[in-house]
Amino acid sequence: MTVTDWLLDGDPAIRWQVMRDLVGAPADEVTAERARVNREGWGARLLGLQEADGQWAGGAFFPREGWNREAGEGQPWTATEPVLTLLRTLGATLPADRVQQVADNCRWENDNQPFFAGETEPCINGRVVALGVYFEQDVEAVVERLLSEQLTDGGWNCEAGFTSTRSSFDTTINVLEGLKAYEEAGGAEVTEARLRGEEYLLDRQLFRRLSTGDVIKPDYLLLAFPGRWHYDVLRALDYFRGSGDPRLAEARQLVWDKQQPDGTWVLEHTYPGRVHFVMEQDGKPSRWNTLRALRALQPESTTSFERPASGGPAS
């Protein structure tokens, strides 16, 4: 079995993206496969957990029972935003009336704001923008807020104004993903801000301190899925896929070097906390990481996904 065959043997959420991004299947076949996400596998399971009022687990960012940090629990990932973000990643859809229920009934724990009006933290609001675009909701006010919160170094930080005046990789990747989705959907002009944010990451080779060249955080080098609000190099490379910027080279090499002899990539880390169900196991071959790595590392000029003879990306 080839790596592609192994990927295609997975959940419909994996299969349609492999068909689109790696195999180059006809659009009608990709559309048909994507439609299966709502009917079977991970997507269908999550959709089946939506409650009568449109929410998941009774909350926006946290479930109705809250989060017992004092007991050492990881952050729960069962509420509406984490589930919607995962459904977007899977490629699932929601009927318009069910999306409207989220808009009408889901409120942020921060200050009771309507879900698609956003919260106060830019890392959350970046995902709100991405979700608003995906589920066809008006998030222009959230975008305007994010543009006003961009820091002088080009990025964003949820702690800006509190404990830091410098940007955060975690916050910045969430905002960039939202702005990119908004721009691609024909939203108001955000290109300048997006490019400044990209430069913040690129100038640091996606994982190094600008001042010393040291690795900013070892966790940034671990290939995790789902990413939640966290940053890592594969998430960044997936964002930058198709770019030939030479500042991506070291991060690309790092990910290439993690490829296993059988051509797969393993799940190196899962963020702790309650989930509705487990998709993949830490330390085992990961279809999500393999799909995302192959997609991010593929040369634009070829459909071959073998590791280059040098052990790194093709020049």
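Above this text is the structure in question.
This text gives an overview of the structure that appears in the document. From a predicted model like this one, the values you see are computed outputs, not experimental measurements. (Residues numbered from 1 in each chain as written. Predicted model: local features only at pLDDT ≥ 70, side-chain atom pairs only at ≥ 80, totals over all residues. Heavy atoms only, no water.)

Quick look at the overall build of the chain
Okay, so step 1: The secondary structure content of the chain amounts to 13 helices and zero strands.
Okay, so step 2: Moving toward the C terminus, one meets the helices and strands of the chain in the order α-α-α-α-α-α-α-α-α-α-α-α-α.
Okay, so step 3: A compact globule built from 315 residues would reach a C-alpha radius of gyration of about 20 Å, and the chain, at 19 Å, matches this within 12%.
Okay, so step 4: The dimensions of the chain, computed from C-alpha atoms along their principal axes, are 55 × 50 × 45 Å.
Okay, so step 5: For the chain, the residues scored as buried account for 52% of the 315 residues in total.
Okay, so step 6: Restricting the contact set of the chain to residue pairs at least 6 apart, pairs at least 24 apart contribute 61%.
Okay, so step 7: When the accessible surface of the chain is split by element, carbon and sulfur atoms take 48% of a total near 14,400 Å².
Okay, so step 8: Mean positive and mean negative side-chain charge positions of the chain (33 and 49 charges, respectively) differ by 3 Å. (Helix = DSSP H or I, 4+ residues; strand = E, 2+ residues; numbered from the N terminus. Rg over C-alpha atoms; globule rule 2.2 N^0.38 Å. Buried < 20%, exposed > 50% of the residue type's maximum accessible area, 1.4 Å probe, protein only. Contact = heavy atoms within 4.5 Å. Areas by Shrake-Rupley, 256 points an atom, 1.4 Å probe, with all protein chains shown as cover. Lys, Arg positive; Asp, Glu negative; His and termini not counted. Charge placed at Lys NZ, Arg CZ, Asp CG, Glu CD.)

Quick notes on the pattern of salt bridges
Okay, so step 1: Enumeration over the complete set of coordinates arrives at 21 salt bridges.
Okay, so step 2: Note that Arg247 is salt-bridged to Glu199, the shortest N-O span being 2.9 Å. Here Glu199 lies in helix 10 (residues 191-202) and Arg247 lies in the loop between helix 11 (233-239) and helix 12 (249-256), a separation of 48 residues in the sequence.
Okay, so step 3: Assessed through its relative accessible area of 21%, Arg247 is described here as partly exposed. (Salt bridge = Lys/Arg side-chain N within 4 Å of Asp/Glu carboxyl O.)

Focus: the packing of helix 7 (residues 122-134) against helix 9 (residues 169-184)
Okay, so step 1: As a packed pair, helix 7 and helix 9 sit with axes 7 Å apart at the nearest point and diverge in direction by 25°. Of the possible angle classes, the one that applies to helix 7 and helix 9 is roughly parallel. Regarding helix 7 and helix 9, the two cross each other, and that crossing is left-handed. Counting all contacts with helix 7, which are made through Pro122, Cys123, Gly126, Arg127, Val129, Ala130 and Val133, the residues of helix 9 involved are Thr171, Asn174, Val175, Gly178, Leu179, Ala181 and Tyr182.
Okay, so step 2: When grouped by side-chain class, the residues that make up the contact of helix 7 with helix 9 number nine nonpolar, four polar and one charged. (Axes fitted to C-alpha atoms, helices over the stretch in contact; angles between N-to-C directions. Parallel < 35°, antiparallel > 145°, perpendicular 65-115°, else oblique. Left-handed = near helix turned anticlockwise from the far one by under 90°. Nonpolar A, V, L, I, M, F, W, Y, C, P; charged D, E, K, R; others polar.)

Section: the nonpolar core
Okay, so step 1: Judged by nonpolar contacts, the single largest core of 82 residues is most densely connected at Leu206 and Val255.
Okay, so step 2: Residues in contact with Val255, not counting those within four places in the same chain, are Leu223, Val233, Leu234, Leu237, Trp265, Ala293 and Leu297. (Core = buried A, V, L, I, M, F, W, Y, C linked by side-chain atoms within 4.5 Å.)

Some details on the packing of aromatic side chains
Okay, so step 1: Counting across every chain of the model gives 13 aromatic pairs.
Okay, so step 2: Relative to Tyr231, the ring of Phe169 has its centre 4.9 Å away and its plane inclined at 75°; by these criteria the two rings are edge-to-face. One end of the pair, Phe169, is in helix 9; the other, Tyr231, is in the loop between helix 10 and helix 11, with 62 residues separating them in the sequence. Residue Phe169 shares its accessibility class with Tyr231, and that shared class is buried.
Okay, so step 3: Plain terms: the ring middles of Trp256 and Trp265 are 6.1 Å apart, the flat faces sit at 50° to each other, and that makes the pair tilted. Like Trp265, Trp256 is buried. (Phe/Tyr/Trp six-rings, centres within 6.5 Å; stacked < 30°, edge-to-face > 60°.)

Observations concerning the side chain of Lys258
Okay, so step 1: Structurally, the position occupied by Lys258 is in the loop between helix 12 and helix 13 (287-297).
Okay, so step 2: Since its relative accessible area comes to 18%, Lys258 is described here as buried.
Okay, so step 3: Among residues more than four places away in sequence, those in contact with Lys258 are Leu221, Leu223, Thr264, Trp265 and Glu268.

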